[in-house]
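Per-entry structural report
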Amino acid sequence: MPAARKPVSGSYRVADRGLDSTMRMLTNASGKEWFVGDAVDPNDLAPGDLDWLLEAGVIEKVGD
Amino acid sequence: MAKQSGLGQKFFLGGYDISGDVGAINSLSTPVGMFNVTGLDKSAMERIQGVTDATLEFAAFVNTTAVTGSHAVLSSLPTTDRTALYLLGTTLGDPCAGVVATQVDYRVERPADGSLAVTVQLTSSGGGGIEWGKNLVAGGKTTHASATSETSVDDSAGTSAGGAGYLMHVSRATGTAGYAIEHSTNNSTWATLLTFATSGGASAAAERKTVTGTVNRYVRATTTGTFTNAVFAMGFRRGDATDRVPY
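**So, the overall build of chain A**
Looking only at helices and strands, one finds one helix and five strands in chain A. Listed by position from the N terminus, the elements making up chain A come as β-β-β-β-α-β. Principal-axis analysis of the C-alpha atoms places the extent of chain A at approximately 40 × 25 × 15 Å. A buried classification covers 33% of the 64 residues belonging to chain A. For chain A, long-range pairs separated by at least 24 residues make up 57% of all intrachain contacts whose partners lie at least 6 apart in sequence. Surface exposure of chain A reaches about 3800 Å², of which carbon and sulfur atoms provide 48%.

Okay, structure coming up:
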């Protein structure tokens, strides 16, 4: 049985990168979609996603 | 990938699929200017590179179908730039070439044997050359009944030099389709890499859109919005550190 994933803390939202805001900016393996300004629960993302999404500026941290 | 022939290709211009009216790609050329800078103290040539150029010349048959036939698409010789996408194969990930160019000729030839053909030349005009990338659409052209995503193309590794996407919006039945290219590190969580400004409405349309920075390992074509039966083609050229024209 795989070990339970440790919950990830922090508040994040989808950043406005100047792209067409009517389009989804992020989608996960389950098909959940996020648009510009939407809050993102990091626990909805796969392990490791948080790092590249922050690095790419797709999401931004807004609180601890 | 393996060695391949030139069979089963596609060619789009300005959002029009004129693959069936184009009989030959006569030339797809990206010449690079060279300057001779050989010093007195050298016994062999020294050269440095100058500006690059791009030309695309193709031969077409005359098809007088209104709006979408080759004569309607090619004879107008618009003063504005045209965007072309040439697919060397129609399998997902096959090479494709995109260019933003000025159409400089529509030459009709009717020899004594009674045949009728035209030759068209496009010369790059946007400060870039021909961009070789990969086809992002299974079959080369596809129909999305509603918003969805194509299967991804796996480029083995991410890159950090941006890239350029090419969209050919051919048609749709109702509504307005939005087009985007998404990227991912793991093929499961997807972020929008670029969004095309083109609204996929009643008219055919084409667009080249660039992006800077990181492009992750997996890329895919995506449609968004409310529409039915959007027909389109899409390609993406991943930037490289040695690009003459960086993104």
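Next, the rest of the story.
**Quick word on the pairing of strand β10 (residues 131–135) of chain B**
All names here are of chain B. Relative to β10, strand β8 (residues 95–109) is paired through four bridges, and the arrangement is antiparallel. Directly across from P95, in β10, lies its bridge partner K134. Bridging between β10 and strand β20 (residues 230–238) involves two bridges; their strand directions are antiparallel. Opposite K134, over in β20, you have F236 as the bridge partner.

**As for the interface of chain B and chain A**
With 22 residues of chain B in contact, the opposing surface of chain A contributes 16 residues. When the area that chain B buries against chain A is broken down by residue, the three leading residues are B:T189, B:T192 and B:T195, summing to 36%. One can count one salt bridge joining chain B with chain A. The closest approach of N and O atoms between B:E182 and A:R24, which form a salt bridge, is 3.0 Å. At the junction of chain B with chain A, the criterion picks out eleven residue pairs in polar contact (both at pLDDT 80 or more). Counting only elements with at least two residues in the side of chain B that touches chain A, the list comes to β15 (178–184), β16 (190–195) and β18 (218–224) of chain B. A per-class count over the side of chain B that touches chain A returns seven nonpolar, 13 polar and two charged.

**What to know about the packing of aromatic side chains**
Residue and element names in this part refer to chain B. A complete count under the given rule lists three aromatic pairs over all chains for this structure. Residues F11 and F58 carry aromatic rings whose centres are separated by 4.7 Å and whose planes lie at 50° to one another, so their mutual orientation is tilted. On the criterion of sequence distance, the pair formed by F11 in strand β1 (residues 10–13) and F58 in strand β6 (residues 55–61) is long-range, its members being 47 residues apart. Here a set of aromatic residues connected by ring pairs shows up, and it is made of F11, F58 and Y86.

**Notes on the side chain of B:E207**
Residues and elements named next belong to chain B. The residue E207 is located in strand β17 (residues 205–211) in this model. No salt bridge is formed by the buried E207; the nearest opposite charge belongs to K209, separated by 4.7 Å. For E207, the side chain forms a polar contact with the side chain of T198, separated by 2.6 Å. When sequence neighbours within four positions are dropped, the list of residues in contact with E207 reads T83, G165, Y166, L167, F196, A197 and T198.

Criteria and cut-off values
Residues numbered from 1 in each chain as written. Chains lettered and ligands numbered in written order. Predicted model: local features only at pLDDT ≥ 70, side-chain atom pairs only at ≥ 80, totals over all residues. Heavy atoms only, no water. Helix = DSSP H or I, 4+ residues; strand = E, 2+ residues; numbered from the N terminus. Buried < 20%, exposed > 50% of the residue type's maximum accessible area, 1.4 Å probe, protein only. Contact = heavy atoms within 4.5 Å. Areas by Shrake-Rupley, 256 points an atom, 1.4 Å probe, with all protein chains shown as cover. Pairing = 2+ DSSP bridges. Buried area = accessible area lost by both parts, 1.4 Å probe. Salt bridge = Lys/Arg side-chain N within 4 Å of Asp/Glu carboxyl O. Polar contact = N/O pair within 3.5 Å; in protein donor to acceptor, adjacent residues only side chain to side chain. Nonpolar A, V, L, I, M, F, W, Y, C, P; charged D, E, K, R; others polar. Phe/Tyr/Trp six-rings, centres within 6.5 Å; stacked < 30°, edge-to-face > 60°. Lys, Arg positive; Asp, Glu negative; His and termini not counted.

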